[in-house]
Amino acid sequence: MKKLLDITITLLFFPVLLVIYPLILIVIYISDGSPGLYKQQRVGENGKSFLLYKFRTMDALSSDTVHQEHYEELSKKETIEPSLTPSKPIRIENDDRITNIGNFLRKTSLDELPNLINVLRGEMSIVGPRPLVKYES
């Protein structure tokens with residue numbers, strides 16, 4: 001039932017997404033001349049790995065290593081529990097790798113729209129836990 005609901009909701013928004021996706025991709029490309037789609041390996045249900053799609057919010061030359069090192073350093077000091085309102089954010093505050101348009105996309109959650117590709121493919125759900133990067137699982 002949940003999968004049917006995910007697909008129905010995604011398909012209802014599909015016409016709007018056909019307009020929004022290209023606009024966001026163009027704005028990202030114009031702002032720094034690099035492709036606007038970002039792909040990353042994530043761990044889903046039952047430990048299954050898949051490619052997660054997002055709009056790129058960081059400088060194209062940014063490395064995932066900075067986040068991995070930050071996460072590993074935090075996890076040495078305390079247990080990190082997933083939460084919608086964490087008392088101490090896991091993310092790097094004032095990260096200078098985030099572009100101006102990327103900052104806007106993150107604040108409005110528009111950077112997550114390509115996740116709907118993953119929803120249609122059955123790799124994740126609209127409502128559910130955030131798929132983790134391998135080093136977070």
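Everything numeric here is computed off the predicted structure, so don't read it as measured data.

Colleague: I keep staring at the packing of aromatic side chains and nothing clicks. Help me out?
Modeller: Given two aromatic rings, their pairing is described by the distance between the two centres and the angle made by the two planes. Tallied over the full model, the rule gives one aromatic pair. Where tyrosine 21 meets phenylalanine 55, the ring centres are 5.5 Å apart and the plane angle is 80°; that geometry is what we call edge-to-face. Residue tyrosine 21 is found in helix α1 (residues 2–32), and its partner phenylalanine 55 is found in strand β2 (residues 49–55); the two are separated by 34 residues along the sequence. For tyrosine 21, a relative accessible area of 16% puts it in the buried group.

Colleague: What should I look at first to understand the side chain of aspartate 111 in this one?
Modeller: You can see aspartate 111 is positioned in the loop between α3 (100–108) and α4 (115–120). Those residues within four positions of aspartate 111 in sequence are excluded, and the remaining contacts are Lys54, Phe55, Thr57, Leu105 and Arg106.

Colleague: Can you help me understand the pattern of salt bridges in this one?
Modeller: If charged atoms from side chains of opposite charge come close, those side chains can pair. Following the criterion strictly, the structure yields four salt bridges and no others. For lysine 54, the salt bridge identified is with aspartate 111, shortest N-O distance 3.5 Å. Here aspartate 111 lies in the loop between α3 and α4 and lysine 54 lies in strand β2, a separation of 57 residues in the sequence. A salt bridge links glutamate 112 to lysine 54; the shortest N-O distance between them is 3.3 Å. A residue pair is termed long-range when its members are at least 10 positions apart, and glutamate 112 in the loop between α3 and α4 and lysine 54 in strand β2 qualify at 58 residues. When its relative accessible area of 32% is taken as the criterion, glutamate 112 is described as partly exposed. The class for lysine 54 is buried, based on a relative accessible area of 16%.

Reading guide: rules and limits
Residues numbered from 1 in each chain as written. Predicted model: local features only at pLDDT ≥ 70, side-chain atom pairs only at ≥ 80, totals over all residues. Heavy atoms only, no water. Phe/Tyr/Trp six-rings, centres within 6.5 Å; stacked < 30°, edge-to-face > 60°. Helix = DSSP H or I, 4+ residues; strand = E, 2+ residues; numbered from the N terminus. Buried < 20%, exposed > 50% of the residue type's maximum accessible area, 1.4 Å probe, protein only. Contact = heavy atoms within 4.5 Å. Salt bridge = Lys/Arg side-chain N within 4 Å of Asp/Glu carboxyl O.

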